[in-house]
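Here is what each chain is made of, one letter per residue.
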Amino acid sequence: MSAPTWEDLSIEELEEQVRYHNRKYWVDDAPEISDESFDRLVEALRRKAPSSEVLDQIGPAGADVDAIDPNAEKLTHDPPMLSLDKAYDEATLLKWYEKFEGDVVVTPKVDGVAGCFRYDAQGRLSVAATRGTGTVGEVITEQVKRIKKLPLKVDASSIEVRGEAYMPVEVFERKFKHDYASPRNLTAGALKLKDPEKTADYELRFFAFDLLGETFESEAEKMARLKALGFETPETFQVSDEAIQATYDDISKRRGQLGYETDGVVYKANSIAEQKRLGSTAHHPRWAIAYKFQGDAGESVLRDVVWNVSRTGAINPVGIVDPVVLSGATVTRVSLHNLAIMEHLGGEEGLKLGSKVLMMRRGGVIPNLERVLEGGDEPVAIPSACPECGAPTERQNDVLMANHSENCRAAKIRQIEHFVSRMEIKGFGPKLLEQLYDAELVTSPVDLFTLSASELMGLKRVGEILANKLIERIGGRKEVEVEKFLQALGIHELGKHVSAILAERYDSMEAIRAVEAEAFAEVHTIGEVIAESVTRGLQENAELIDDLLEHITLVFPTPREAPAVEGSPLAGKRVLFTGAMESMTRKDAQAEVEKRGGDCPSSVVKDLDYLVMGDADMERFEGGWRSSKLKKAEKFNAEGGNIAIIGESTFLKLLEEGEG
Ligand SMILES: NC(=O)c1ccc[n+]([C@@H]2O[C@H](COP(=O)([O-])OP(=O)(O)OC[C@H]3O[C@@H](n4cnc5c(N)ncnc54)[C@H](O)[C@@H]3O)[C@@H](O)[C@H]2O)c1
């Protein structure tokens with residue numbers, strides 16, 4: 001029997017899956033399925049329930065959290081940086097094309113990281129940001145200045161350029177392919193490096209495709225202007241009728257030679273008047289659509305499953321398949337992620353060796369076993385002992401864990417590797433850590449802090465200069481941000497996002513260790529599973545934490561200053577802005593709220609107090625118009641929330657009440 005496909009699920013199940021995977025991708029940064037598979041899931045929901053509101057909630061904003069680093073400087077996007085509508089077949093594309101008059105402009109869909117760049121009145125690059133939640137992005141001005149060929153000064157005044165930063169395939173292959181899965185993730189990481197100088201090492205480039213602050217009659221004219229200003233633009237075609245599908249076929253054929261990763265072809269109405277007429281939904285402009293590549297898929301046969309020990313002691317399945325060529329590379333191994341995902345792939349009867357399987361490469365790079373096409377006959381044996389150390393295994397929720405992983409060499413080395421990476425202690429690669437472990441010099445992260453240069457010099461290929469440098473680097477991290485320290489512990493679910501929340505809310509390690517699961521689960525975006533895993537992990541690692549704290553001093557974020565304006569009704573309130581206001585920019589309005597001791601989440605959340613919009617929108621609202629944010633706020637209110645929906649003049653009155 002083959003595994004269930006998305007098409008077999010009910011609307012409720014589809015909605016739940018979309019929410020779940022959207023969250024895994026945007027919040028946890030740990031997608032469990034390929035983008036292709038996610039897009040098909042969304043498509044299945046769209047077919048069954050075209051008006052499902054979940055379709056409007058895809059992306060970071062829909063993940064219902066501040067998916068961007070809470071400590072980062074932020075920039076508000078006005079208008080928001082939207083997603084794109086998707087088509088998977090010619091019929092959908094042509095239906096879209098029927099909606100308007102005139103030509104379309106066609107470009108490859110660059111699979112990179114979206115960004116915006118503002119140039120001031122003198123034409124100097126003044127600020128750049130990621131797309132973030134679409135309405136708010138992270139400021140990355142210094143990092144983007146290291147993008148190759150990006151103009152830092154243009155012959156224009158007060159403009160904003162939007163587009164996609166990417167890593168050329170040639171750079172990925174030359175420098176990173178052995179250590180990293182995809183150029184896109186590397187690009188995202190490189191744009192957020194603390195030390196912007198290092199961004200240059202990634203040799204990123206930028207393709208511009210939108211320009212705000214000047215007016216145009218056509219998309220083609222806009223692209224020409226971007227080129228004239230010195231920006232690199234993706235190849236652009238202006239076509240109509242039959243040439244529409246032909247251009248897709250042409251780009252699709254040349255996909256491997258473009259020099260950058262693409263995941264489809266973008267079509268936009270050429271006439272700006274038509275674009276204005278068609279308008280946008282909260283999720284995407286109606287005048288554009290991305291015709292996504294179906295990806296290089298291939299059939300293979302699952303021959304074996306081997307088990308890999310991870311740093312947490314989790315024992316994860318890796319499939320061994322008959323060689324299959326996907327996007328130009330021969331694939332024989334494929335991660336099956338964890339026990340639960342492996343089981344899900346197999347459907348009711350479980351995954352079996354000998355199954356005929358459909359393989360794809362994620363984003364054109366990472367191989368993924370998409371689904372079973374025809375069941376095999378030999379069930380996959382789930383190991384009862386750790387393949388590295390022989391300790392008994394047990395199932396914990398979705399994963400198979402080795403019971404005594406503290407004695408497992410492989411798990412230990414990976415744990416130390418994770419520790420040095422999150423603590424940002426450079427120079428300790430896997431080979432060096434293996435040597436240190438086998439020489440019994442470093443068998444736990446704590447040992448790093450008592451290591452001496454002479455001990456290091458006893459190892460292969462470590463001379464005096466290197467040994468001293470390594471010791472110096474460890475010394476340099478004896479004072480460390482609590483957030484980094486928490487991540488370094490390698491506790492399941494205690495990643496970047498959860499660590500940041502703990503660091504924000506508590507001012508000592510004792511307080512963090514005393515957090516109770518039940519109370520923590522109540523915190524927005526946490527929930528029971530994460531709270532349980534994190535509090536249990538902190539307890540289980542008590543000894544390690546105590547030992548580490550003998551050597552390490554934790555730095556806590558400076559507490560929020562007392563509000564500059566006393567006695568405001570906005571103190572302690574959560575305020576979100578939607579649309580534009582007349583009297584001030586969104587950024588200034590947020591600053592005013594913060595001055596009064598309130599805060600501004602980046603999307604509609606349950607505990608929001610005020611949703612504020614311009615007076616014109618307020619009138620439309622009173623007349624029955626609803627944006628997706630408004631619908632969401634009303635939904636929360638129907639479920640017992642207490643979100644006041646107010647116009648700009650009411651908001652201004654609230655601000656004044658603070659002044660006196
Ligand atoms: N694997 C998972 O579980 C999972 C979950 C959620 C989302 N995702 C993936 O996240 C990705 C992001 O989703 P999304 O909604 O932002 O859509 P998207 O990235 O597919 O499309 C929107 C983006 O395309 C970019 N773009 C590239 N070339 C362009 C061009 N020539 N013209 C205009 N825009 C261009 C724009 O910057 C825009 O931000 C998708 O690929 C989706 O599959 C995966």
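Just so it is clear, the model here is predicted, and its values are computed rather than measured. Within any chain, residue numbers begin from 1 and follow the written order of that chain's sequence. Selection of residues for local features in this predicted model requires a pLDDT of at least 70, selection of side-chain atom pairs for listing and counting requires 80 or more, and totals for whole chains, interfaces and linings are taken over all residues. Just so you know, side-chain values use all the structure's heavy atoms and leave hydrogens and water out.

**So, empty space enclosed by the protein**
Here is step 1 of the chain: Both site types are read off a 1 Å grid over the protein atoms alone. A 1.4 Å probe that fits but cannot get out defines a cavity, while an open set with protein on both sides within 12 Å along at least five of seven lines defines a pocket; lining residues have an atom within 4 Å of a point. Grid points are joined across faces, edges and corners, and a volume is the space filled by probe spheres set on the points. A complete count under the given rule lists 2 cavities of 30 Å³ or more for this structure.
Here is step 2 of the chain: Taken as a whole, the second largest cavity encloses approximately 30 Å³ of empty space.
Here is step 3 of the chain: Lining the second largest cavity are Lys148, Lys149, Leu150, Pro151, Phe206, Phe231 and Glu232.
Here is step 4 of the chain: Classifying every residue of the lining of the second largest cavity gives 4 nonpolar, no polar and 3 charged. For this classification, the nonpolar set comprises Ala, Val, Leu, Ile, Met, Phe, Trp, Tyr, Cys and Pro, the charged set comprises Asp, Glu, Lys and Arg, and every other residue, Gly included, is treated as polar.

**Digging into the site of the ligand**
Here is step 1 of the chain: Whether a residue is near a molecule or strand depends on its heavy atoms: if one lies within 4 Å, it is near. Around the ligand sit 25 residues in total, of which Ile33, Asp39, Ser83, Arg131 and Glu164 are the nearest.
Here is step 2 of the chain: Here tyrosine 25 contributes a side-chain N or O atom positioned 3.2 Å from an oxygen atom of the ligand.
Here is step 3 of the chain: Here an oxygen atom of the ligand sits 2.8 Å away from a polar atom, N or O, in the side chain of aspartate 39.
Here is step 4 of the chain: Here the ligand, which alone exposes 830 Å², has 95% of that area covered by the protein.
Here is step 5 of the chain: Of the residues belonging to the shell around the ligand, the class tally is 12 nonpolar, 5 polar and 8 charged.
Here is step 6 of the chain: When residues of the shell around the ligand are assigned to domains, at least three map to each of domain 1 (6-56) and domain 2 (75-292). Within 3.5 Å is the distance limit for a polar contact, defined as a pair of N or O atoms, with the added protein rule that one can donate a hydrogen and the other accept it, and that residues adjacent in sequence qualify only through two side-chain atoms. We get accessible surface area from the Shrake-Rupley algorithm with a probe of 1.4 Å; when it comes to residues, only the shown protein chains can shield them. The split of the chain into domains comes from an automatic or database domain assignment.

**A word on the confidence of the model for the protein chain**
Here is step 1 of the chain: Residue-level confidence of the predictor is what pLDDT reports, using numbers from 0 through 100. Summary statistics for the protein chain give a mean pLDDT of 88 and a share of 93% for residues scoring 70 or more.
Here is step 2 of the chain: In the predicted complex, the global pTM is 0.54; the interface-specific ipTM is 0.95.

**Things to note about the nonpolar core**
Here is step 1 of the chain: If you look at the biggest cluster of nonpolar residues, it comprises 51 residues, and the most contacted ones within it are Phe428, Phe485, Phe520 and Leu538.
Here is step 2 of the chain: Contacts are residue-level and defined by heavy atoms, with any inter-residue pair within 4.5 Å sufficient. Setting aside residues up to four positions removed in sequence, phenylalanine 520 forms contacts with Val498, Ile501, Leu502, Val515, Ile526, Ala531 and Val534.
Here is step 3 of the chain: Throughout, nonpolar core names a set of buried Ala, Val, Leu, Ile, Met, Phe, Trp, Tyr and Cys residues whose side chains join them through atoms within 4.5 Å. Exposed residues in this analysis have more than 50% of their type's maximum accessible area, buried residues have under 20%, and partly exposed residues fall in between, with area computed by a 1.4 Å probe over protein chains only. Counting residues in hydrophobic clusters, the runner-up holds 32 residues, among them Ala128, Val161, Phe172 and Leu191.

**Details of a negative patch on the surface**
Here is step 1 of the chain: Any residue with relative accessible area above 30% and no salt bridge may belong to a patch, with like charges joined within 9 Å and the nonpolar Val, Leu, Ile, Met, Phe, Trp and Tyr side chains within 5 Å. We count a salt bridge whenever a side-chain nitrogen from Lys or Arg sits within 4 Å of a carboxyl oxygen from Asp or Glu. Only four residue types enter the tally: Lys and Arg on the positive side, Asp and Glu on the negative side; His and the chain ends are excluded. Note on charges: their place is set at NZ of Lys, CZ of Arg, CG of Asp or CD of Glu. Together, Glu516, Glu518, Glu522 and Glu528 line one region of the surface with negative charge.
Here is step 2 of the chain: Runs of H or I in DSSP of at least four residues are treated as helices and runs of E of at least two as strands, each being numbered from the N terminus. For glutamate 518, the position within the fold is in helix 18 (residues 517-521).
Here is step 3 of the chain: Accessibility expressed as a relative area gives 70% for glutamate 518, which makes it exposed.

**Thoughts on the pattern of salt bridges**
Here is step 1 of the chain: Summed over all chains, the structure comprises 45 salt bridges.
Here is step 2 of the chain: The closest approach of N and O atoms between aspartate 263 and lysine 292, which form a salt bridge, is 3.2 Å. One end of the pair, aspartate 263, is in strand 10 (residues 262-269); the other, lysine 292, is in strand 11 (residues 288-292), with 29 residues separating them in the sequence.
Here is step 3 of the chain: Each of Lys148, Glu170, Arg174, Lys175 and Glu203 takes part in one network of salt bridges that share partners.

**Concerning the sheet that holds strand 24 (residues 610-613)**
Here is step 1 of the chain: Two strands pair under a simple rule: DSSP has to find at least two bridges between them. In space, the 3 strands of this open sheet follow the order 23-24-25, with parallel pairing throughout. Strands at the two margins of the open sheet, each flanked by one partner only, are strand 23 (575-578) and strand 25 (644-647). Within the sheet, the average angular offset between the axes of one strand and its neighbour, ignoring direction, is 25 degrees.
Here is step 2 of the chain: Bridge analysis of strand 23 against strand 24 gives 4 bridges, and the strand direction is parallel. Bridge assignment links phenylalanine 577 to a residue of strand 24, and that residue is valine 612.
Here is step 3 of the chain: As a rule, the C-alpha atoms of each element are fitted with a line to give its axis, helices using only the stretch in contact, and angles between N-to-C directions run from 0 to 180 degrees. Each of strand 23, strand 24 and strand 25 is contacted by helix 23 (residues 628-638), which is oriented at about 155 degrees to strand 24, the strand it contacts most.

**Considering the environment of leucine 150**
Here is step 1 of the chain: Position of leucine 150 among the secondary structure elements: in the loop between helix 4 (141-144) and strand 7 (159-166).
Here is step 2 of the chain: Along the chain, leucine 150 and alanine 165 lie 15 residues apart, while their C-alpha atoms are 10.0 Å from each other.
Here is step 3 of the chain: Those residues in contact with leucine 150, other than ones at most four positions away along the chain, are Phe117, Tyr119, Leu125, Val144, Phe206 and Phe231.

**Remarks on the side chain of threonine 141**
Here is step 1 of the chain: Structurally, threonine 141 can be placed in helix 4.
Here is step 2 of the chain: Here alanine 128 takes part through its backbone nitrogen, which lies 3.2 Å from a polar atom of the side chain of threonine 141.
Here is step 3 of the chain: In contact with threonine 141, other than residues within four places in its own chain, are Ser126, Val127 and Ala128.

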